[in-house]
Amino acid sequence: MKDYTTELLRNVALVGHQGAGKTSLAESLLFNTGAITRMGRIEEGNTVADFDEDERARTLSIYTSLIPVEFEGCKVNVLDAPGFVDFMGEAKNAVRVSDAAVVVVDSVAGPEVGTELAFDYAAEFDLPLLVVVNKMDRENANFSNVLGMLRTRFPGYTFVPVTLPIGSQADLKGVVDVLSQQAYLGAGKDGSEIPANMADAAEEARMALIEAAAEADDALLEKYLETLELSDEEVQQGLLAVTRNPEKHVVPVFATSSTHSIGILPLLRGITMFVPAPGHHKLQVQADEESDIEFLEGPFTDSGPVIAYVFHSYTDKYGTLTYFRLFSGTIKPNDTLRNLNAGHEERMGSLMTVRGDTQFPLEVLHAGDIGVVAKLRGTYTGHTLASKGFDKLVVRPRFSMPVYAVALHPRTQSDSAKMGGVLSDITRTDPTLHWRQDPAIKQTILEGMGSTHIDVAIKRAERMGVGLDTSTPRVPYQETITRQASASYRHKKQTGGAGQFGEVHLRIEPHPDGIFEFVDEIVGGAISAAFVQSTEKGVRQVLESGVIAGYPVTAVRVAVYDGKMHPVDSKDIAFQIAGRGAFREAFQQAGPVLLEPIMTVRVVVPEENMGDIMGDMNTRRGRVLGMETEAGRSVVTAEVPLAEIQRYSNDLRSMTGGRGVFTMEFSRYERVPANIQQEIVANAQKEKQEEEE
Ligand SMILES: Nc1nc2c(ncn2[C@@H]2O[C@H](COP(=O)(O)OP(=O)(O)OP(=O)(O)O)[C@@H](O)[C@H]2O)c(=O)[nH]1
Ligand SMILES: [Mg+2]
């Protein structure tokens, strides 16, 4: 591939609701610019961007693909991001490294939940937005309806069409390019005269475009008000400014059909015109992940320090490819850079770009471009690479907390031995996927953004040689008490030689600060300080494994106030046993209860699903804190016990046909209702018996 300097580059992320046609659009961009001679189809599993075998099997995108498109002397780095909410980590990182977000909207469905998420991602980094109303060939496609819906749904933005469809549905013939007032029919490259019946609409749209551009600054506005005209250059400069102005938020809108190659080249021209070349933005950096965000002002050029951010890593059987955006400076093959997160050096051995999974070696990468390098030794998604002298991290996107977890069970001894390494490899390349050994529930947990996300990870682990079964994780209940109680315990053993003797009297009560505390209230030396310590050791042994159902004990204050020693037989172990026994007995008498984690959940669904969501919350012991409906979408906030919401992502999907999303985070522990506690205790006892048998 040719060498492209900064001003000739454009970086855009294709984002939007699942299935809106992003990957097909990327395919069509390649086809219409002659990079491929046959257009692949999602259904046939042969598109350039969805090359991964899991993507083909599921007919949806899982990873962000890099699709460089060469057009009129420019290279547009198209990042085809997945729309499925499970893979939002990939989409957010794609937006992070782009200079504009191209939001693809289905012409029949209009804006959906995934459209809103895409707008949110772009807002996080103040990116300009373009909207593509795709699938204009579909039955019931209606461009002006979708424009209306966009305006209602996103009242803070001004949507201005840059292309208009000629005909629609089965009669879709092409588009009008509003600025040049030319028609582009079919996949044709050359403009022709606008159909007579569209002349008025085209002129009206041109005026709207000029008017939006004129808002950019006073000089343009003055000229516009005097002459009611602006040159094409002025419109371009004006639009570049207003799309980047967070107050004005002008969004150019395009009509396309990816599968029918309609409106594709006019869209591409629009991208080269209305998306800024890299290097002219403010770059968010920070000294470390905790410190304040600073803004570096551009322009960023080849002569600046190297600042590169890794937004994607892809591992196949040949090794790992690291995808990065070069925000500043220039890189040549074999340059050495510093990984600022890991603190080691990396050699950029093989510098390349890729188109899907086809590699193109590069001699040099210029500021603003997106590059790929193979076989780095320890650089992962989210890391910053830099040249000597630059030591700030590029700010990563914020990722929401995982909402779906499974417990992992390795199938064989060898799976068990390899599990940790493989899980670390997989989770390092995906900031929304986490694994840990959870001591509270004694399980290995893998958590992510949904069941598909987890399924894909399990399949990958399998291909990397680790067979894993999964189950719903145990709920990390806790045990505590509700009132004061006392108990004593005597441990006495006299068999053969040396005996064992220890006697402990203790009192326990709920601890108001929610912590565990052990107090020595012995007077007159009834037991020695050393044996008080042994008693404490014994009590602490019970804390982790609990008393009533096997869960950790919390919020208890224990006071030892009396006991007995034997001059010969008393020893450490005897008092540990006595401490354990006395604590267990007191605990049983102190009104023991189970506590469960309560999650704060925020659900966003289309308005028509609101009733179902509320009803369903009731069956989950949920407490609705608030609900709002605005522009056709409803937001429900509720508190729900973790035990009832572990599989919510699947249930929400089926309740809303995939149109709902939710986030959740831990709020606090609360008492489990008595009837449910009984069940849990009974189950725990049954399990324990089975283990013992
Ligand atoms: N009729 C019609 N169908 C389209 C068009 N573009 C895409 N499709 C179909 O829509 C479906 C989804 O297309 P994709 O390209 O996978 O959509 P996507 O946005 O990449 O989906 P995700 O990456 O999974 O979010 C496929 O069946 C496509 O063939 C179009 O312009 N017209
Ligand atoms: Mg896709």
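About the criteria used
- Residues numbered from 1 in each chain as written.
- Chains lettered and ligands numbered in written order.
- Predicted model: local features only at pLDDT ≥ 70, side-chain atom pairs only at ≥ 80, totals over all residues.
- Heavy atoms only, no water.
- Helix = DSSP H or I, 4+ residues; strand = E, 2+ residues; numbered from the N terminus.
- Buried < 20%, exposed > 50% of the residue type's maximum accessible area, 1.4 Å probe, protein only.
- Contact = heavy atoms within 4.5 Å.
- Areas by Shrake-Rupley, 256 points an atom, 1.4 Å probe, with all protein chains shown as cover.
- Lys, Arg positive; Asp, Glu negative; His and termini not counted.
- Charge placed at Lys NZ, Arg CZ, Asp CG, Glu CD.
- Donors = N, O, S within 2.8 Å, 3.2 Å for Na, K, Ca; no water.
- Pairing = 2+ DSSP bridges.
- Axes fitted to C-alpha atoms, helices over the stretch in contact; angles between N-to-C directions.
- Near = heavy atom within 4 Å.
- Polar contact = N/O pair within 3.5 Å; in protein donor to acceptor, adjacent residues only side chain to side chain.
- Nonpolar A, V, L, I, M, F, W, Y, C, P; charged D, E, K, R; others polar.
- Phe/Tyr/Trp six-rings, centres within 6.5 Å; stacked < 30°, edge-to-face > 60°.
- Lys NZ or Arg CZ within 6 Å of the ring centre and 35° of its normal.
- 1 Å grid on protein atoms, 1.4 Å probe; cavity = no way out; pocket = protein on both sides within 12 Å on 5 of 7 lines; lining within 4 Å.
- Points joined across faces, edges and corners; volume = space filled by probe spheres on them.
- Salt bridge = Lys/Arg side-chain N within 4 Å of Asp/Glu carboxyl O.
- Left-handed = near helix turned anticlockwise from the far one by under 90°.
- Expected span 1.5 Å × (residues − 1).

A. A look at the overall build of the chain. Within the chain, the regular secondary structure consists of 17 helices and 34 strands. Its C-alpha atoms give the chain principal-axis dimensions of roughly 110 × 60 × 50 Å. Across the 693 residues in the chain, those meeting the buried criterion constitute 56%. Contacts in the chain between residues far apart in sequence, at least 24 positions, make up 72% of those at least 6 positions apart. By element, 48% of the accessible surface of the chain is carried by carbon and sulfur atoms, the whole surface being about 29400 Å². Here the chain contributes 67 positive and 96 negative side-chain charges, whose respective centroids are spaced 7 Å apart.

B. Structural view of the coordination of the magnesium ion (ligand 2). The protein atoms that coordinate the magnesium ion (ligand 2) are T23 (OG1) and S61 (OG), at distances of 2.0 Å. Pair noted here: T23 is in helix α1 (residues 22-32) and S61 is in the loop between α2 (53-58) and β2 (65-71), with a separation of 38 residues, a long-range link. Taking relative accessible area as the criterion, S61 reaches 9% and is therefore assigned buried.

C. Representation of the sheet that holds strand β22 (residues 404-410) in the model. Strands sit in the order β23-β24-β22-β25 across an open sheet of four strands; the sheet is antiparallel. Pairing within the sheet leaves two strands with one partner each, and these edge strands are β23 (434-438) and β25 (468-471). Taking the axes of each pair of neighbouring strands and ignoring which way they run, one obtains an average angle of 35° across the sheet. The pairing of β22 with β25 spans four bridges and is classified as antiparallel. Opposite A407, over in β25, you have S471 as the bridge partner.

D. Focus on the environment of E247. Inspection of the secondary structure puts E247 in the loop between α8 (232-244) and β10 (250-255). Residue E247 is classed as exposed on the basis of its relative accessible area of 71%. For the pair E247 and G156, spaced 91 residues apart in sequence, the C-alpha separation works out to 8.4 Å.

E. Geometry of unusual backbone geometry. Cis peptide bonds are those with omega within 30 degrees of zero, and the linkage from G298 to P299 qualifies with 0°. Looking at the element boundaries, P299 is found in the loop between β12 (294-297) and β13 (307-316). For T59, which is not a glycine, the phi torsion comes out positive at approximately 45°.

F. Broad picture of the environment of V105. In this fold, V105 is placed in strand β4 (residues 100-106). For V105, a relative accessible area of 1% corresponds to the buried category. Taking the C-alpha atoms as reference points, V105 and T358, separated by 253 residues in sequence, lie 28 Å from one another.

G. View of the site of ligand 1. Close to ligand 1 lie 20 residues, the nearest being K22, S24, E43, S61 and D137. Contact between ligand 1 and Q18: an oxygen atom at 3.1 Å from a side-chain N or O atom of the residue. Contact distances for ligand 1 include 3.0 Å between an oxygen atom and a backbone N or O atom of G19. Calculation on ligand 1 without its partners gives an accessible area of 650 Å², and the protein chains cover 88% of this total. The greatest single-element share of the shell around ligand 1, amounting to three residues, is contributed by α1. Classifying every residue of the shell around ligand 1 by side-chain character gives four nonpolar, 11 polar and five charged.

H. Region of interest: the packing of aromatic side chains. As enumerated under the stated definition, the model contains 15 aromatic pairs in all. Each ring, one from F119 and one from F154, has its centre 3.9 Å from the other, and the planes form 10°; the classification is stacked. With F119 in helix α4 (residues 113-124) and F154 in the loop between α5 (143-153) and β6 (158-161), this pair connects stretches of sequence that are 35 residues apart. Across this residue pair, the class does not change: F119 and F154 are buried. Cation over ring: R96 sits above Y309, and NZ or CZ is 5.9 Å from the ring centre. The residue whose ring lies beneath R647 is Y404, and the NZ or CZ to ring-centre distance is 4.2 Å.

I. Spotlight on the layout of surface pockets. Roughly 1000 Å³ of volume is contained in the largest pocket. Every residue lining the largest pocket is counted, 45 residues in all, and those nearest its centre are V113, L117, D120, V604 and V661. For the lining of the largest pocket, the secondary-structure elements that each account for two or more residues are α3 (88-96), α4, α5, β31 (593-606), β32 (623-630), β33 (633-641), α16 (648-656) and β34 (661-671). Of the residues forming the lining of the largest pocket, the biggest block, nine residues, is contributed by α4. As a volume, the second largest pocket reaches approximately 840 Å³. Elements with a minimum of two residues in the lining of the second largest pocket: α13 (572-589) and α17 (674-692). Here the lining of the second largest pocket takes eight residues from α17, the largest share from any one element.

J. Region of the structure containing the sheet that holds strand β28 (residues 500-510). Sheet architecture is open: four strands sit in the order β27-β28-β30-β29, paired in mixed fashion. At either end of the open sheet lies a strand with only one pairing partner, and these are β27 (485-493) and β29 (516-520). When strand polarity is set aside, the average angle formed by the axes of neighbouring strands in this sheet is 25°. In the sheet, β29 pairs with strand β30 (residues 556-564) via five bridges, with the strands oriented parallel. Each bridged residue has a counterpart across the sheet, and for F518 the counterpart in β30 is V558. Most of the contacts of helix α12 (residues 529-545) go to β29, to which it runs at about 160°, and overall it touches β28, β29 and β30.

K. Examining the pattern of salt bridges more closely. Within the structure shown, the criterion is met by 40 salt bridges. The residue E447 makes a salt bridge to R436 at a minimum N-O spacing of 3.4 Å. Taken together, the positions of E447 in strand β24 (residues 443-448) and R436 in strand β23 put the pair 11 residues apart, joining distant regions of the chain. Classification of E447 as buried rests on a relative accessible area of 17%. For R436, a relative accessible area of 33% translates into the label partly exposed. The network of salt bridges with common partners includes R38, R41, E43 and E44.

L. Broad picture of the packing of helix α6 (residues 199-214) against α8. Where α6 contacts α8, the two axes come as close as 7 Å, and the packing angle between them is 60°. Here α6 and α8 pass one another in a crossing that is left-handed. Listed contacts from α8 to L209, I210, A212 and A213 of α6 are V235, G238, L239 and V242. Classifying every residue of the contact of α6 with α8 by side-chain character gives seven nonpolar, one polar and no charged.

M. Geometry of α6. Helix length check: α6, at 16 residues, gives a terminal C-alpha distance of 22 Å against a target of 22 Å (1.5 Å per residue), a fit within 8%. The complete set of buried residues in α6 reads A202, A205, R206, L209, I210, A212, A213 and A214. Buried residues along α6 sit in contact with β6, β7 (163-166), β8 (174-177), α7 (218-227), α8 and β10.

Structural measurements only, silent on function.
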